[in-house]
Amino acid sequence: MAIHLGANQYGKAESRVVRIYRDTPRHQIRDLNVSSALRGRFEDAHITGDQSAVLPTDTQKNTAFAFAKEKGIDSIEEFALTLADHFLEASAAADGARVEIEEYNWERISVDGAGHDHSFVRSGAGIRTTVVNVDGRGDDRKAHVVSGIRALTVLKSTGSEFHGFLKDKYTTLKETDDRILATSLVARWRYDHTDVDWDKSYDEIKSLLLEKFATIHSLALQQTLYGMGEAVLERHPEVAEIKFSAPNKHHFLVDLSPFEVENPGEVFIAADRPYGLIEASVVRDDATDAGSAWHAVPGFC
Ligand SMILES: O=c1[nH]c(=O)c2[nH]c(=O)[nH]c2[nH]1
């Protein structure tokens, strides 16, 4: 029986790195969740048990915390690229490194109309994400950045229709020209290169996604997502492609007729499951090769 080691990677998942900048009384906070993974020539670690090529996951975790102080945290993309390059320098057996970061938002607590110096409240719609993959070193180095946002929960109370769909003997869904459309959006976009003003690009893409969700008259969640993706590619040349995963958070009109109460689109039950799950990519025809950019799903390699 012939057996071999298949794809593998290893690293430290979910180091919660909180960096306070306290050079002045007005503190700043960056709150990250950092995961790193190395891939490469790690056969011995698995097959013979020889760990001489293995930079421990504990060291990877320590590096994330040490770099938060030594290098500081500018954007999560910059921080992830710095960590990935470092791990490839530190580990000769590694051919590639993946660093995934989520950032949680804090805003200053308002006291007497002014933001407090050192007290914060968790805030913000959506969680900013990035997944950086670096393959190789020196002249052979290729860096891929896939950034995004998740848990961007949005709802429009009208301006959404769903009709004209295929019907068979199991179809009971009624056609509608006025429904609630709601989702908790995950969007990830792949940058074409790394010469990017990361914060500006993120802020603008997030605003654009929200604006388009609001203003596109929806004939289906699919059409809304395509319109959102199209707008991002039209306005952001630095983005090669964008992918969405959008649970259709169904809101069903409650039948109040047993109580002789009319319900003209006013009272809904928010169902949590099952939900439609709509996934789509919007891609430039001449997009650069994705390489290992989407080598990004935690738990699978
Ligand atoms: O926007 C939608 N897309 C679908 O594919 C679908 N299917 C469904 O039952 N409701 C909806 N809504």
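So, a few notes on the structure that sits alongside this text. Note that this is a predicted model, so its numbers are computed, not measured. (Residues numbered from 1 in each chain as written. Predicted model: local features only at pLDDT ≥ 70, side-chain atom pairs only at ≥ 80, totals over all residues. Heavy atoms only, no water.)

### So, the side chain of Arg 19
Stage number 1. You can see Arg 19 is positioned in strand β1 (residues 15–21).
Stage number 2. Among buried Asp, Glu, Lys and Arg side chains, Arg 19 stands out as unpaired, with Asp 23 the closest opposite charge at 5.9 Å.
Stage number 3. At 2.7 Å, the side chain of Arg 19 and the backbone oxygen of Ala 68 are in polar contact.
Stage number 4. Excluding residues that lie within four positions of it along the chain, Arg 19 makes contacts with Gln 28, Ile 29, Arg 30, Ala 68, Lys 69 and Ile 73. (Helix = DSSP H or I, 4+ residues; strand = E, 2+ residues; numbered from the N terminus. Buried < 20%, exposed > 50% of the residue type's maximum accessible area, 1.4 Å probe, protein only. Lys, Arg positive; Asp, Glu negative; His and termini not counted. Salt bridge = Lys/Arg side-chain N within 4 Å of Asp/Glu carboxyl O. Polar contact = N/O pair within 3.5 Å; in protein donor to acceptor, adjacent residues only side chain to side chain. Contact = heavy atoms within 4.5 Å.)

### Let's talk about the packing of helix α2 (residues 57–70) against helix α3 (residues 76–90)
Stage number 1. Close contact between α2 and α3 brings their axes to 11 Å; oriented N to C, the two are set at 130 degrees. Put simply, α2 runs oblique to α3. Handedness of the α2/α3 crossing: right-handed. Of the residues in α3, those touching α2 at Gln 60, Thr 63, Ala 64, Phe 67 and Ala 68 are Phe 79, Thr 82, Leu 83, His 86 and Phe 87.
Stage number 2. Of the residues in the contact of α2 with α3, the class split is six nonpolar, four polar and no charged. (Axes fitted to C-alpha atoms, helices over the stretch in contact; angles between N-to-C directions. Parallel < 35°, antiparallel > 145°, perpendicular 65-115°, else oblique. Left-handed = near helix turned anticlockwise from the far one by under 90°. Nonpolar A, V, L, I, M, F, W, Y, C, P; charged D, E, K, R; others polar.)

### With respect to the site of the ligand
Stage number 1. Phe 162, Leu 173, Arg 179, Ala 220, Leu 221, Gln 222 and Asn 248 make up every residue found near the ligand.
Stage number 2. Between the ligand and Arg 179 there is a distance of 2.9 Å, counted from an oxygen atom to a side-chain nitrogen or oxygen.
Stage number 3. Between Asn 248 and the ligand, the recorded distance is 3.2 Å, taken from a side-chain N or O atom to a nitrogen atom.
Stage number 4. Taken by itself the ligand offers 290 Å² of open surface, and the protein chains cover 71% of this.
Stage number 5. Among the residues making up the shell around the ligand, the classes are represented as four nonpolar, two polar and one charged. (Near = heavy atom within 4 Å. Areas by Shrake-Rupley, 256 points an atom, 1.4 Å probe, with all protein chains shown as cover.)

### Let's talk about the pairing of strand β6 (residues 181–191)
Stage number 1. Among the eleven residues of β6, nine are classified as buried, and the element is accordingly described as predominantly covered.
Stage number 2. Across nine bridges, the pairing between strand β5 (residues 142–156) and β6 is antiparallel. Paired with Lys 156 across the bridge in β6 is Leu 181.
Stage number 3. Here seven bridges tie β6 to strand β7 (residues 239–248), and the two strands are oriented antiparallel to one another. The residue of β7 that forms the bridge with Ala 187 is Phe 244. (Pairing = 2+ DSSP bridges.)

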